[in-house]
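# Notes for the structure review
Below, each chain spelled out in residue letters.
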Amino acid sequence: MNILSCHIENYGKLSNVDYRFNEELTVFNYENGSGKTTLSSFIKAMLYGLPSTKTNAKNFDHRQHFYPFDHSKFGGTVTIEHDSDEYRIERFFDNKSATADYVKVYKNGNIADGFGENIGKKLMGADEDIFIKTAFFNAEDISLCTPQGIEAYVNNYEEGTLA
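Here we summarise the structure given alongside this text. (Residues numbered from 1 in each chain as written. Predicted model: local features only at pLDDT ≥ 70, side-chain atom pairs only at ≥ 80, totals over all residues. Heavy atoms only, no water.)

### Here's the deal with the side chain of Asp-101
Relative to the helices and strands, Asp-101 is located in the loop between strand E4 (85-92) and strand E5 (102-107). Since its relative accessible area comes to 11%, Asp-101 is described here as buried. Polar side-chain contacts of Asp-101 include one of 2.9 Å to the side chain of Arg-63. (Helix = DSSP H or I, 4+ residues; strand = E, 2+ residues; numbered from the N terminus. Buried < 20%, exposed > 50% of the residue type's maximum accessible area, 1.4 Å probe, protein only. Polar contact = N/O pair within 3.5 Å; in protein donor to acceptor, adjacent residues only side chain to side chain.)

Written out as structure tokens, the structure reads:
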């Protein structure tokens, strides 16, 4: 799977922003607070959705954290190439409920049915936890940067041996 591009209508501090990604590797080397974590959260949310906000929650969840202060349209699009097909995911989030989110998937320009909310699982066969562990890493995870390290980590996770 290759992420080709994304358009962020509004998601956290990112508003009306377009990104294009290299075929091989795209590196974001920006200052703290520039939106790198917000971009990674956006991509994950586009593939796996955002849980509904709990009315009695004491802390902000991702839906509340990234919801625009001006209450404008919240979401965007991601274009992905997978198995020689191009998929365009449109997803816009309600301010509280995942059941009120808008989601459409296009395959090679035509509406594709049967994806449900968990598009990443359907497209790649990877649930959200596996996606997070293989797609995003920080300085604490640097030891996993070798292919053998990542493979061992994912295999151990799938077998249920990691906490």
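### Here we look at helix H1 (residues 36-48)
Taking 1.5 Å per residue, 13 residues should reach 18 Å; H1 reaches 18 Å between its end C-alpha atoms and fits that length. In terms of residue burial, H1 counts as a mostly covered element, since ten of its 13 residues are buried. Of the residues making up H1, those classed as buried are Thr-38, Leu-39, Ser-41, Phe-42, Ile-43, Lys-44, Ala-45, Met-46, Leu-47 and Tyr-48. (Expected span 1.5 Å × (residues − 1).)

### Some remarks on the environment of Glu-81
Residue placement: Glu-81 occurs in strand E3 (residues 75-82). The partly exposed category is assigned to Glu-81, whose relative accessible area is 35%. Between the C-alpha atom of Glu-81 and that of Lys-107, which follows or precedes it by 26 residues, the distance is 9.6 Å. Once residues lying within four places of it in the same chain are set aside, the contact partners of Glu-81 are Met-1, Asn-2, Leu-4 and Glu-86. (Contact = heavy atoms within 4.5 Å.)

### Considerations on empty space enclosed by the protein
One way to see where empty space is left: roll a probe the size of a water molecule over the atoms. Counted under the stated rule, the structure contains two cavities of 30 Å³ or more. If you add up the space inside the second largest cavity, you get close to 40 Å³. Lining the second largest cavity, in full, are Tyr-19, Phe-28, Tyr-30, Ser-34, Gly-35, Lys-36 and Leu-39. (1 Å grid on protein atoms, 1.4 Å probe; cavity = no way out; pocket = protein on both sides within 12 Å on 5 of 7 lines; lining within 4 Å. Points joined across faces, edges and corners; volume = space filled by probe spheres on them.)

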